[in-house]
Amino acid sequence: MGYGRFDGLGTARAMGRLYAAARLYVNFFQPSFKLKEMRREGAKVIKRYHAPLTPYQRALAHPRWPRP
């Protein structure tokens with residue numbers, strides 16, 4: 001929200017609504033990389049990543065997620 005100071009109940013409610021909408025956007029539409037493995041070869045660090053997925057897609061792919 002920036003570096004300014006926000007105070008008051010109305011501002012807190014508005015920020016809560018904004019963050020609720022942003023949470024849904026990030027969970028359903030923003031894919032991210034997750035680290036699969038990391039190994040060191042001398043001074044060099046090699047990182048491998050899983051394919052980018054949204055948090056929602058990762059949750060659905062989890063083996064303990066209830067299936068219909």
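Values in this document were obtained by computation on a predicted structure and should not be read as measured data. (Residues numbered from 1 in each chain as written. Predicted model: local features only at pLDDT ≥ 70, side-chain atom pairs only at ≥ 80, totals over all residues. Heavy atoms only, no water.)

Colleague: Looking at this structure, I do not really get the packing of aromatic side chains. What am I missing?
Modeller: Both the distance between ring centres and the angle between the ring planes are used here to describe each pair of aromatic rings. Applying the stated criterion to the full structure yields three aromatic pairs. Relative to tyrosine 56, the ring of phenylalanine 28 lies with its centre 4.6 Å away and its plane at 50°, an arrangement referred to as tilted. Of this pair, phenylalanine 28 sits in helix H1 (residues 9-29) while tyrosine 56 is found in helix H2 (residues 55-61), placing the two residues 28 residues apart along the sequence. Note on phenylalanine 28: relative accessible area 38%, which makes it partly exposed. For the ring pair phenylalanine 33 and tyrosine 49, a centre distance of 6.1 Å and an interplane angle of 70° mean the geometry is edge-to-face. With phenylalanine 33 in the loop between H1 and strand S1 (35-41) and tyrosine 49 in strand S2 (residues 44-49), this residue pair connects regions lying 16 residues apart in the sequence. Since its relative accessible area comes to 55%, phenylalanine 33 is described here as exposed. Here tyrosine 49 falls in the partly exposed class, since its relative accessible area comes to 44%. (Phe/Tyr/Trp six-rings, centres within 6.5 Å; stacked < 30°, edge-to-face > 60°. Helix = DSSP H or I, 4+ residues; strand = E, 2+ residues; numbered from the N terminus. Buried < 20%, exposed > 50% of the residue type's maximum accessible area, 1.4 Å probe, protein only.)

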